[in-house]
Each structure stands twice: as structure tokens, then as C-alpha cells.
Amino acid sequence: MAKLDRLLTLVKALSESAEGLTLDEMAHEIGADRRTAERLRDLILVHFDLEETIEDRRKRFRTSAALRPAVGLVLVMAYMLLTILGPFWTG
């Protein structure tokens, strides 16, 4: 369950950030190491378009502006499913 929570937290952070997040900032946001943030970013790329910008030799990522309203809806639905089905998954 913690993995899904981290993933949803990162999707939310990427959609709320105006300037985007670096991998180090993503790792800090989810309380994990940089490699975990990188893996989750790659997973997010499968389902969402991420804009990538380079600022002072650092890459920043954020969800595209067109997708931000849809991201909010997906997060609400995912959190509802976690709330309803969570007890069944944890046993």
C-alpha cells in the first residue's frame, strides 16, 4: 500500500508544481531515495505526459497544463478506491 501512496503523492506534487520538480525534490516529497523517485517518475510517464525542462543543468518535471484537471480527478478516484478497498488489501 505504501508504494501506491507514494505514487499518488508524487502525481499530486507534479500536478501542483508550477515550475516542476527535480528528482531530488521528488524523493524528498515522497520520503524515499532518488532512485525510487526515478522509478516512480518512469511509471508516471507511462500514464501521463510530463513536461521536462532544464534549468541550471537540472531537469525539472511536471504534468502538462492540459492534464492537470484530469490528474485531480484521477487522484480523487484513486483515494476513494484506497479508502474503500484498503482494508481488503491489507488483510
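Structure: see above.
Residues numbered from 1 in each chain as written. Predicted model: local features only at pLDDT ≥ 70, side-chain atom pairs only at ≥ 80, totals over all residues. Heavy atoms only, no water.

1. Some points on the overall build of the protein chain
Here is step 1 of the chain: Helix and strand content of the protein chain: four helices and two strands.
Here is step 2 of the chain: Across the protein chain, helices and strands are ordered from the amino to the carboxyl terminus as α-α-α-β-β-α.
Here is step 3 of the chain: Across the 91 residues that make up the protein chain, the buried fraction comes to 34%.
Here is step 4 of the chain: Residue pairs in contact within the protein chain that sit at least 24 positions apart in sequence constitute 54% of those at least 6 positions apart.
Here is step 5 of the chain: Within the structure as shown, the protein chain displays about 6,100 Å² of accessible surface, and the carbon and sulfur contribution to it stands at 58%. (Helix = DSSP H or I, 4+ residues; strand = E, 2+ residues; numbered from the N terminus. Buried < 20%, exposed > 50% of the residue type's maximum accessible area, 1.4 Å probe, protein only. Contact = heavy atoms within 4.5 Å. Areas by Shrake-Rupley, 256 points an atom, 1.4 Å probe, with all protein chains shown as cover.)

2. Things to note about the pattern of salt bridges
Here is step 1 of the chain: For the coordinates displayed, the defined rule picks out ten salt bridges.
Here is step 2 of the chain: Between Arg58 and Asp24 there is a salt bridge, with its nearest N and O atoms 3.4 Å apart. Of this pair, Arg58 sits in strand β2 (residues 58–63) while Asp24 sits in helix α2 (residues 23–30); the two residues are 34 residues apart in sequence, bridging distant segments of the chain.
Here is step 3 of the chain: Since its relative accessible area comes to 40%, Arg58 is described here as partly exposed.
Here is step 4 of the chain: Looking at Asp24, the relative accessible area reads 38%, which means it is partly exposed.
Here is step 5 of the chain: Arg35 serves as the salt-bridge partner of Glu38, at 3.2 Å between the closest nitrogen and oxygen. (Salt bridge = Lys/Arg side-chain N within 4 Å of Asp/Glu carboxyl O.)

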